[in-house]
Amino acid sequence: MKIFFTFTLISLIFSEPNIDWYTSHNGTGEESHGHYILTCNDGGYLQIGETDFLPNSKIYVVKTNYNGQLLWERELNTGNHNLGNSAIELEDGYLICGALNRNSALIKLNKETGTTIFSKTYNNGGTDAFEHAAVTSNGIIAVGYRNAQDPNNTFYTEGRGFIMFADQEGNQVNTMDLNNYISQAYRIRYLNNELIISGLSEEALNFTLLKMSLDGEIIFHQEYGGNDADHCFGMDTNLEGEIFLTGHTLSGTENWDTYTMKIANNGDLLWEQKVGNPRGFNPQYIHDEAWGIKATNDGGCIIIAGTGDEYGNYSDCNSNGCSDTWNAYLIKFDNNGFIEWQKTYSSLDISNYSIDWAGEDIDLTNDGGAIIAIDSGQFGFLKLSNVTNILMGDLNSDNQVDVLDIVLVVNLILLNEYLNLGDLNDDSQIDVLDIVLLVNLILS
């Protein structure tokens, strides 16, 4: 009984992320690939991407309830080159960003049914698309690219960075070419009456970040990276205005590793981390590709990636599985950029079948968990619990780990004094030595 009590206390402080449930949905194409996932205000989830492959793809949108049950799905296409890149929630609908028939598109869908409220396309030049959008009191601001040189690449098209200002109904008001600053604008956030835009530099050599006013004035433009390719695909901000970027890099690595950084609101780099190969294979063959990131309330962040190899002449297996079967790869960084924990998830966690899983995006949930978009050849929805409180020790949920949490532990021990459960060192007393023993057990 005493041992059970001790490890119950430890588990309160050091709970691990657990799989709550997994479900998947597929469109009419041979395969469906999600790029973006959203926790909705009603507690459900929205995932967007494509069904089938370029150049014959359709936008695919799936809405589920809180436990992954399908509420509605939509396929949207005009012609044969359609992209579903992201979505944001409005008061009266979901705004889908992407492309229809090689032209940038904004599509607003009804929340309850998925029916189309409006669908707007914009011929911004060549093959073009919107990657993401933000909403201000004045309307919609969408970013992406135009004049793609590699139009059938879903991720980096070697185009020209582009931004469009529109009204609430999606009618174009103004546009700007951003190519002097960014080759492909991938994410945008509206923060403190300013715009934060991230993406890739020319030839995808660096992470790129720029801040601009609502009038289009560039406040700063920064690039981050090394001497090789650095691909930036994820961005988020926290309440302090700090900026988190993630993607993957070949700079100073044996192969692609995840690459994550925290940046002050003025563009100064606070920290950066390159992390990969969590299953311990030959790092020369392992790709670790990060796509999504979320700031956490402790000043850190959490990223989602895929890890595996893509080489026909290499395959290795160990206790963590086989290298050529991809896993979803989740990493939690603290406020200073240190890894708090990292964990991989595979199809074997929920079934007896070994198939590729790659993490494509992540959003946090209201219960302290996360929802992850899994590419399994379908739209996978992986719901985890105990994500944002792992290793924090914040037992009283005040977003701080301090003496009050120790007091709570002491109270739990004293509460059980009549059972003698708090006397962890069996000296017939419940005192500070029992707290010391508990801390030592935790640290060991």
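Refer to the structure presented above.
The rules behind the values
- Residues numbered from 1 in each chain as written.
- Predicted model: local features only at pLDDT ≥ 70, side-chain atom pairs only at ≥ 80, totals over all residues.
- Heavy atoms only, no water.
- Pairing = 2+ DSSP bridges.
- Helix = DSSP H or I, 4+ residues; strand = E, 2+ residues; numbered from the N terminus.
- Axes fitted to C-alpha atoms, helices over the stretch in contact; angles between N-to-C directions.
- Salt bridge = Lys/Arg side-chain N within 4 Å of Asp/Glu carboxyl O.
- Buried < 20%, exposed > 50% of the residue type's maximum accessible area, 1.4 Å probe, protein only.
- Contact = heavy atoms within 4.5 Å.
- Phe/Tyr/Trp six-rings, centres within 6.5 Å; stacked < 30°, edge-to-face > 60°.
- Lys NZ or Arg CZ within 6 Å of the ring centre and 35° of its normal.

### Comments concerning the sheet that holds strand 7 (residues 93-100)
What the 4 strands build is an open sheet, ordered 6-7-8-9; its pairing is antiparallel. The open sheet has two edge strands with one neighbour each: strand 6 (83-90) and strand 9 (116-122). Here the average twist between neighbouring strands, direction ignored, is 15°. As defined by bridge partners, strand 6 adjoins strand 7 across 7 bridges and the pair is classed as antiparallel. Each residue of the ladder has a partner; that of Ser-86, found in strand 7, is Cys-97.

### Overview of the pattern of salt bridges
When the charged atoms of two side chains lie near each other, side chains of opposite charge can form a pair. This model, assessed by the stated rule, comprises 14 salt bridges. Close ionic contact of Asp-20 with Lys-383 constitutes a salt bridge, the shortest N to O distance being 3.0 Å. Here Lys-383 lies in strand 30 (residues 379-385) and Asp-20 lies in strand 1 (residues 18-25), a separation of 363 residues in the sequence. With relative accessibility at 40%, the residue Asp-20 sits in the partly exposed group. Across the pair Lys-332 and Glu-340 runs a salt bridge whose closest N-O atoms are separated by 3.5 Å. Look at the salt bridges and you will find they share partners, linking Asp-20, Asp-367 and Lys-383 into a network.

### Overview of the environment of Cys-40
Note that Cys-40 resides in the loop between strand 2 (32-39) and strand 3 (45-51). With 26 residues separating them in the primary sequence, Cys-40 and Tyr-66 have C-alpha atoms 9.2 Å apart. Contacts of Cys-40, omitting those with residues within four sequence positions, involve Tyr-45, Leu-46, Lys-63, Glu-89 and Tyr-94.

### Topic: the pairing of strand 14 (residues 184-191)
Within strand 14, 6 of the 8 residues are buried, leaving the element largely enclosed by the surrounding structure. Between the end of strand 14 and the start of strand 15 (residues 194-200), which pair antiparallel, lie 2 residues, with Asn-192 showing a positive phi angle near 55°.

### Some words on the packing of aromatic side chains
Taken as a whole and judged by the stated rule, the model has 13 aromatic pairs. When the ring of Phe-207 is compared with that of Tyr-259, the centres are 4.9 Å apart and the planes differ by 55°; the resulting orientation is tilted. Of this pair, Phe-207 sits in strand 16 (residues 207-213) while Tyr-259 sits in strand 20 (residues 257-263), placing them 52 residues apart in sequence. Note on accessibility: Phe-207 and Tyr-259 belong to one class, buried. Counting every residue linked through ring pairs, the aromatic cluster contains Phe-155, Tyr-186, Phe-233 and Trp-291. In this structure, Lys-111 is placed above the aromatic ring of Tyr-94, and the distance from its NZ or CZ to the ring centre is 5.9 Å.

Read these as spatial facts, not as claims about activity.
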